[in-house]
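# Secondary and tertiary structure notes
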Amino acid sequence: MILISTVIVAIMLLAAVAALLFKNHVAAVAAVGILSLALSVLFVILKAPDVAMTEAAVGAGLSALVLALGLRRLGLWQIESSNSTQSSIQKSGEHTDA
Amino acid sequence: MRNLASLLFAGGLGFLLMVFGLQFDFGNAPMLVGQAIQSAAPEQVGAANIVTAVVLGYRGIDTLGELAILFAASTAVGLILGHRHTSTKPDPDSGLILRAGGELLMPLLLVVGLYIILHGHLTPGGGFQGGVILAAAFFIPVLARPSTPLKHTGMMLIEGFSGAAFILIGLAALYSGGEFLQPLLDKGTLGNLVSAGTLPLLYLAVGLKVGAELAGLLAHLAAAEVSES
Amino acid sequence: MTLFGLEITLDLILYTGAFGLIVIGAAGIVLAHHLFRVILALAIAEAGANLLLVLSGYRWDAIAPILSGSESAAPMVDPVPQAMVLTAIVIGVGVQALAVGLAMQVKKTYGTLDMSAIRQRLEADIAGTAGIATTGSQDAPLGERPLPPADAVPVTPGSSAR
């Protein structure tokens, strides 16, 4: 139990630091989603299954969806880091087409 | 300079929290309220899931306030983003996989969401978790076909009626001589689907309200105009 | 198991996780140069606060707060903090959506999400509404400074934009 908790806490802290340091905003949102998922596993270990379900559904699912929609509407949705912000809006449209 | 001061602030905050936190006796929570609730909940509320008994029974007014906060947030998002101008053309429809998967997933998600809501007093789960899944079910068709937007009036009707139902159940308890939101009806046997009195009805109202509200919020965010520049 | 003379226990690791998330989130809120990072940092700090609340109700010898069968005498972890965290998580996503909506409006109005640029534009707007000159800024405040002399470090208007 102490080993798995250490691993999960390490994943959480790494994901939190990565969410603030990644240049790419999509990767940062994905890091926040990973943090929420690890946190929900930790809630299961802490004997809080209700909270774990909520965290998995809300934190890892809906919150990431809200942030990703916000990214797209803010024009920050860039998969490749070389694109300029201007063309990323067109790019995201093409991605959904394909 | 500003960065240094900010880092100093963060480090100091961490040190302060660590000093306070290690004073707690971890793993031996006193549970003055918790033990009383745990021993009294099976007779008073009749829900197998004690967290549900706390959320809807002992702290029901908290849940009502939480629903009010969620309503305020969703209304504020609607106000800030406003309505999409009809002149701007909607996003093109998404690909075949998302459209077919959306049609397949939506009824399944509805069933799973309602299952989780209705078993909230027996197993982990309940109105909030199931409501989020219902919101996903309502939102997936919008994601698959942005040209056919969500019917906001229908969502508002569901939301309003379920919110009113929550308050009406609370007022019914008040009318029958109890406290506001006190569980009514027959407690049933512990562990049955039809048990715990009005708790499943309250959770159904919570779930529908959360689902409709979050779906409307997502639809607002998805339909917001793409910012220029 | 000891490390650097400090005994590594489960509570130390869990508290490190909770406080680490809160501190990383707070540092991100004050240090971020981009408005979207502030929203992400807010989400991180909120996750840490939720973990701390759940930790406060944990018991070593307890089971999850769900009655199964007839043995209701077994000790359970505290259900009250769990119920509070349950509502806090759902409120958190509402707050995040509101923050994203506000960020969209900021982008629409000012055309940028850079924090220092937004701050300059905001101060200029406030000063313009109040009808006073916008001579001072955060990097070149009004008033006399005893040392060093004001012309020793030339302050250009764009220097604060990172």
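This text goes with the structure placed above it.
First, a word on scope: everything that follows refers to the structure included in this document. Predicted, not measured: the structure shown is a model, and the values here were computed from it. (Residues numbered from 1 in each chain as written. Chains lettered and ligands numbered in written order. Predicted model: local features only at pLDDT ≥ 70, side-chain atom pairs only at ≥ 80, totals over all residues. Heavy atoms only, no water.)

## A look at the environment of L76(A)
Here is the rule: In this text, helices come from DSSP runs of H or I with a minimum length of four residues, and strands from runs of E with a minimum of two, each type numbered from the N-terminal end. Only heavy atoms enter the contact rule, under which two residues are in contact if any of them lie within 4.5 Å.
Its place among the elements puts L76(A) in the loop between α3 (49–73) and α4 (85–97). Counting along the chain gives 50 residues from L76(A) to V26(A), while the straight-line C-alpha distance between them is 8.0 Å. Dropping the residues within four chain positions of it, L76(A) is found in contact with H25(A), L71(A), H34(C), F36(C) and L113(C).

## Some remarks on helix α2 (residues 35–56) of chain C
Stated precisely, the cut-off is as follows: Any helix carries an expected span of 1.5 Å times its number of residues minus one. For the exposure calls, accessible area comes from a 1.4 Å probe over protein chains only, and a residue counts as buried if that area is under 20% of its type's maximum, exposed if over 50%, partly exposed in between.
Taking 1.5 Å of rise per residue, the 22 residues of α2(C) would be expected to cover 32 Å, and the 32 Å separating its terminal C-alpha atoms lies within 8% of that figure. Among the 22 residues in α2(C), 16 count as buried, and that is most of the element.

## What about empty space enclosed by the protein?
Our working rule: Both cavities and pockets are sets of points on a 1 Å grid over the protein atoms alone; in a cavity a 1.4 Å probe fits but cannot get out, in a pocket the set is open with protein on both sides within 12 Å along at least five of seven lines, and lining residues sit with an atom within 4 Å of a point. Grid points are joined across faces, edges and corners, and a volume is the space filled by probe spheres set on the points. Each residue is assigned to one class: nonpolar for Ala, Val, Leu, Ile, Met, Phe, Trp, Tyr, Cys and Pro, charged for Asp, Glu, Lys and Arg, and polar for all the others, Gly among them.
Under the definition given, this model contains 3 cavities of 30 Å³ or more. Quantified by volume, the largest cavity comes out at close to 130 Å³. At the level of elements, α2 (25–45) and α3 of chain A together with α2 and α3 (79–110) of chain C are the ones that each hand at least two residues to the lining of the largest cavity. In terms of residue count, α2(C) provides more of the lining of the largest cavity than any other element does, 5 residues in total. A breakdown of the residues in the lining of the largest cavity according to their chemical character gives 8 nonpolar, 6 polar and 2 charged.

## Quick word on the interface of chain A and chain C
Bring the parts together and some accessible area is lost; that lost area is often taken as the interface size. Condition: Here the buried area means the combined drop in accessible surface, using a 1.4 Å probe, for two parts upon being joined, counting both sides. Salt bridge criterion: a side-chain nitrogen from Lys or Arg within 4 Å of a carboxyl oxygen from Asp or Glu. The definition of a polar contact used here is a pair of N or O atoms within 3.5 Å, where within protein one atom must be able to donate a hydrogen and the other to accept one, and adjacent residues in sequence count solely through side-chain atom pairs.
With 42 residues of chain A at the contact, the number on the chain C side is 46 residues. For the pair chain A and chain C, the summed buried surface comes to about 3600 Å²; carbon and sulfur atoms form 81% of the total. Looking only at chain A, the three residues that lose the most surface to chain C are L20(A), K47(A) and L74(A), adding up to 19% of its buried area. Counting across the chain A and chain C interface gives 0 salt bridges. Seen at the junction of chain A and chain C, the total is 6 residue pairs in polar contact (both at pLDDT 80 or more). Elements represented by at least two residues in the side of chain A that touches chain C include exactly α1 (2–21), α2 and α3 of chain A.

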